Amino acid sequence: MRWVLAPRTTWRARRRAIAFGPGIDARTAWTMARLERHPEERAYGMRHLDGEGNAG
């Protein structure tokens, strides 16, 4: 679902996860990639990591 809604963020998250290795999960990689381009979404990103947001 994320690929359809935010393809650039998803692509960057996958690249970040590959570069980081097995120590990073998809949710963290996606949030980091999203906040890199949209720092104003920090509050949403933190809720997403805490599991309070709808992960889609």
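Residues numbered from 1 in each chain as written. Predicted model: local features only at pLDDT ≥ 70, side-chain atom pairs only at ≥ 80, totals over all residues. Heavy atoms only, no water.

Broken down by element type, the protein chain carries 4 helices and 0 strands. Ordered by position from N to C terminus, the α and β elements of the protein chain give α-α-α-α. At a minimum sequence separation of 6, the contacts of the protein chain that also span at least 24 residues come to 30%. Summed over its atoms, the accessible surface of the protein chain is roughly 4100 Å², and 55% of this surface lies on carbon and sulfur atoms. (Helix = DSSP H or I, 4+ residues; strand = E, 2+ residues; numbered from the N terminus. Contact = heavy atoms within 4.5 Å. Areas by Shrake-Rupley, 256 points an atom, 1.4 Å probe, with all protein chains shown as cover.)

If you trace the backbone, Arg-34 turns up in helix H3 (residues 26-37). The class of Arg-34 is buried, set by a relative accessible area of 19%. Between the C-alpha atom of Arg-34 and that of Thr-9, which follows or precedes it by 25 residues, the distance is 5.6 Å. If sequence neighbours within four positions are ignored, Arg-34 has contacts with Ala-6, Thr-9 and Glu-41. A distance of 2.9 Å separates the side chain of Arg-34 from the side chain of Glu-41, its partner in a polar contact. (Buried < 20%, exposed > 50% of the residue type's maximum accessible area, 1.4 Å probe, protein only. Polar contact = N/O pair within 3.5 Å; in protein donor to acceptor, adjacent residues only side chain to side chain.)

Such coordinate-based values are descriptive only and should not be taken to indicate function.
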